[in-house]
Amino acid sequence: MAEKSKNDQQGPSVSAAEALDFHAAGRPGKLEINPTKPMATQRDLSLAYSPGVAAPVKAIHEDPSRAFDYTTRGNMVAVISNGTAILGLGNLGALASKPVMEGKAVLFKRFADVDSIDLEVDTDDVDEFINCVRFLGPSFGGINLEDIKAPDCFIIESRLRELMDIPVFHDDQHGTAIIAAAGLINALEITGRDIKTSRLVCNGAGSAGIACIELIKAMGFPPENVILCDTKGVVYQGRKEGMNQWKSAHAVKTELRTLSEALDGADIFFGLSAKGALTPAMVQSMAKKPIIFAMANPDPEITPEEVAEIRTDAIMATGRSDYPNQVNNVLGFPYIFRGALDVRATTINDDMKLAAAHALAALAREDVPDDVAAAYQGNRPKFGANYIIPVPFDPRLISAVPVAVAKAAMESGVARRPILDLFNYARDLSARRDPIASTLQRIYDRVRRQPKRVVFAEGEEEQVMRAAVSYANQRLGTAILLGRDEQIRETAKQAGVDLDKPGIEIINARLSRRNGIYADYLYERLQRKGFLFRDCQRLINNDRNHFAGAMVALGDADAVVTGVTRNYSTVLDDVRRVIDAKPGHRVIGVSIALCRGRTVIVADTAVHDMPNSEQIADIAEEVAGFSRRMGYEPRVAMLAYSTFGHPPGERSERVQEAVKILDKRRVDFEYDGEMAADVALNPKLLAQYPFCRLSGPANVLVMPAFHSASIATKMLQELGGSMVIGPLLVGLNKPVQIVSLNAKDSDIVNMAAIAAYNAGA
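Residues numbered from 1 in each chain as written. Predicted model: local features only at pLDDT ≥ 70, side-chain atom pairs only at ≥ 80, totals over all residues. Heavy atoms only, no water.

(A) Seen up close, the UniProt feature "binding site: NADP(+)" (unreviewed entry) in the protein chain. Per the UniProt annotation, the sites labelled "binding site: NADP(+)" (unreviewed entry) are Ile86, Leu87, Gly88, Leu89, Gly90, Asn91, Leu92 and Gly93. Among the secondary structure elements, Leu87 is positioned in the loop between strand E1 (76-81) and helix H5 (98-112). Its relative accessible area of 30% is what places Leu87 among the partly exposed residues. By the secondary structure assignment, Gly93 is in the loop between E1 and H5. Discounting chain neighbours no more than four positions away, the residues touching Gly93 are Asn82, Gly83 and Ile86. (UniProt positions renumbered as here; feature names shortened; annotations may be inferred. Helix = DSSP H or I, 4+ residues; strand = E, 2+ residues; numbered from the N terminus. Buried < 20%, exposed > 50% of the residue type's maximum accessible area, 1.4 Å probe, protein only. Contact = heavy atoms within 4.5 Å.)

Written out as structure tokens, the structure is:
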């Protein structure tokens, strides 16, 4: 049976016409090359090429390892094929493989920020292919072989690994094996099996099949408990027909001769063969709670529906995205190379492959965040028979798998540049794909040093519970869930959220001993604003924002996060009844926009609709202080549609007056205005105004009105691809953060961390 092991290309059904249009639209293909250094001036060109390039040339000649410091080599992988086994289409040649290789390069960049280029080698001759690739070695930090037929792929990979001092990895073999091994680890746990006594049958003796059984044996499976089958039946000792050295290495001493005989009583089936290879009768003959990985693509050896008709106790995985437990190579190769490149590994060995498999298995056992649930159209998966393998868009993969691979490389002695701090390495990996992560990391680090008690006001909401658990798990402090204990625990049980762990508290406002004290406090604040005591008592009893605010105001907690179930302005009104502004401060909304490696802080994005001159000056002062607390020295641009008086207008005059107010206050930060946004952000345009007080492009923008701030930040997100944090509430006497309606758990925990950070400010 012809093997079809490609698992990273499977996705939703599309027509040939759609696919062709996709590849032809705009600039044909899927890749382009962009410079990483400026090329705007003659000096830039002199540094990038002649004469400046001579310096790194000489340095590399003296010490070849410096190529990793001065060139792209340390983050560059070549995706190489001769097209002899393209997907399930067969030998269509090197040129026809180019769309697949380009796609592989895109996946490297998208998932692990590994730069990659595709190379199609037009030869079926093994020796010619090997010589071509080996002499390209100095260009790359790693080689990903792809779509090469068996047994040629075994010979090519083996010899290139001997000849080259960089990782050489045939993904069709090892990628499939690693993901399958991860799923198997969890399936064994769920079914209560011991790896030493379980029996596995693998059907398909091509590259992926051989790699799978090699890896599971390295994982601890006794060789005598693993039977390999091909189109001729069982690969047994003494068989002559259809054998080669790779099959012979896994031949077992047995009287069994057919796949059907081998599967009788077997615990596990690995299929890397073809549609229909596994029959219902074979499934019926397997042991209780059979583990069936039908990984042939595009059609599995047997479908989950067919298995369900005859067995209700089976755990299934396939190579398809429309079934649970997809064995998808994209879970592996980007992150494996990421870890290998970062320690400058000389190879990818079994220790690194097993580390990746165990990291993937462990990730599937963790609570699933909202980002992953979104990939399931809102149906949150839970560890169990239908969720033993993570999904490709799990944002935690980038910080889990490379760390495990790098650690294994160091421990097995193949790393040339060890990483001493794996915790910081994981943090940096998260920031690599998510620019917000690097900005937030400072906040998280400080809160861990000074943990805070944060009230999660809407404690009965599932995503709030998940955020609270995450807050506690990350050692940020104590998470206090407000709500009815029974309701919270019932919702948590249904959602699979474990609240019985250190750092989680549940408080019911109606049953709290502090209820009366909070009501007295609120009545004292509101009695001259038309509120009776019973009104205040009702607010404390029934409204969690008022109760949470009173907790923080009276020192029973450090900060509040809320907003999941109500709109921003309503929540802000609730909070302002309980908590005042800091003396001498103004309450404003601040957003942090991160775009193309640049961070810009924008105010006011939440509170003041049409501020007057005095308010604009106050906003500038408040946001400048916030910027410093966040670690940025503020350069404040006060924006308008005009620049320094042209064209004139009433709104611009308000900004001009705000500048004069700041002049009188003698503030200690850079500021100027009024100016248009492009002038504030573009150093060349800014240079046209030599009298401008800013020493460089602005990193803080004060908007002339709330509506312009809101429009600008949303346009940055949608059109500019920016990441935006906020709006963050700044200026209150006690820290409160308001999330957007229906915020995800990751957004809530980020806001909780920011609130906790401000509690220590």
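(B) Local environment of the packing of aromatic side chains. A full pass over the atoms with the stated rule returns 12 aromatic pairs. Between Phe108 and Phe337 the ring centres are 5.4 Å apart and the planes differ by 75°, which places this aromatic pair in the edge-to-face class. Of this pair, Phe108 sits in helix H5 while Phe337 sits in helix H14 (residues 333-342), placing them 229 residues apart in sequence. Classification of Phe337 as buried rests on a relative accessible area of 0%. Note on Phe644 and Phe691: the rings are 5.0 Å apart at their centroids and 70° apart in plane angle, and the pair reads as edge-to-face. Of the two residues, Phe644 is situated in the loop between strand E17 (635-639) and helix H27 (650-665) and Phe691 in the loop between helix H29 (683-686) and strand E19 (700-702); the sequence distance between them amounts to 47 residues. You can call Phe691 exposed: its relative accessible area is 53%. (Phe/Tyr/Trp six-rings, centres within 6.5 Å; stacked < 30°, edge-to-face > 60°.)

(C) Inspection of the domain arrangement of the protein chain at higher detail. Examined at the domain level, the protein chain breaks down into domain 1 (46-166), domain 2 (174-412), domain 3 (442-577) and domain 4 (588-731). For domain 3 and domain 4, the distance between their C-alpha centroids amounts to 33 Å. Counting residues at the interface gives 4 residues for domain 3, matched by 8 residues for domain 4. Buried area between domain 3 and domain 4, summed over both chains or domains, comes out near 490 Å², and the portion from carbon and sulfur atoms is 62%. Where domain 3 meets domain 4, there are 0 salt bridges. Taken together, domain 3 and domain 4 are joined by 0 residue pairs in polar contact (both at pLDDT 80 or more). (Domains from an automatic or database assignment. Buried area = accessible area lost by both parts, 1.4 Å probe. Salt bridge = Lys/Arg side-chain N within 4 Å of Asp/Glu carboxyl O. Polar contact = N/O pair within 3.5 Å; in protein donor to acceptor, adjacent residues only side chain to side chain.)

(D) Structural context of the state of the cysteines. One pass over the full model with this rule turns up 0 disulfides. Of the cysteine sulfurs around Cys132, a residue in no disulfide, the closest is that of Cys153, at 17 Å. Accessibility expressed as a relative area gives 32% for Cys132, which makes it partly exposed. (Disulfide = S-S within 2.5 Å.)

(E) Structural view of the nonpolar core. Counting residues in hydrophobic clusters, the biggest one holds 103 residues, and the most contacted among them are Ile143, Leu184, Phe221 and Phe270. The dominant element in this core, judged by the number of residues it contributes, is helix H8 (residues 171-191), at 10 residues. A domain-level breakdown of this core finds at least three residues from each of domain 1 (46-166) and domain 2 (174-412). Residues contacting Phe270, with those up to four places away along its chain left out, are Ala180, Leu184, Leu200, Val201, Cys202, Asn203, Cys212, Ile216, Phe293 and Met295. In this structure, Val464, Tyr471, Ile504 and Met630 belong to the second largest nonpolar core, which totals 66 residues. (Core = buried A, V, L, I, M, F, W, Y, C linked by side-chain atoms within 4.5 Å.)

(F) The sheet that holds strand E20 (residues 723-730), seen in detail. The mixed open sheet is built from 6 strands, whose spatial order is E18-E17-E19-E16-E15-E20. The strands lining the two open edges of the sheet, one partner per strand, are strand E18 (670-675) and E20. On average, each strand axis in the sheet is tilted by 20° relative to the strand beside it, whichever way the strands run. In this structure, strand E15 (residues 588-595) lies alongside E20, joined through 6 bridges in antiparallel fashion. Its bridge partner being in E20, Ile592 is matched across the sheet by Ile725. Contacting E17 and E18, H27 runs over the sheet at an angle of about 160° to E18. (Pairing = 2+ DSSP bridges. Axes fitted to C-alpha atoms, helices over the stretch in contact; angles between N-to-C directions.)

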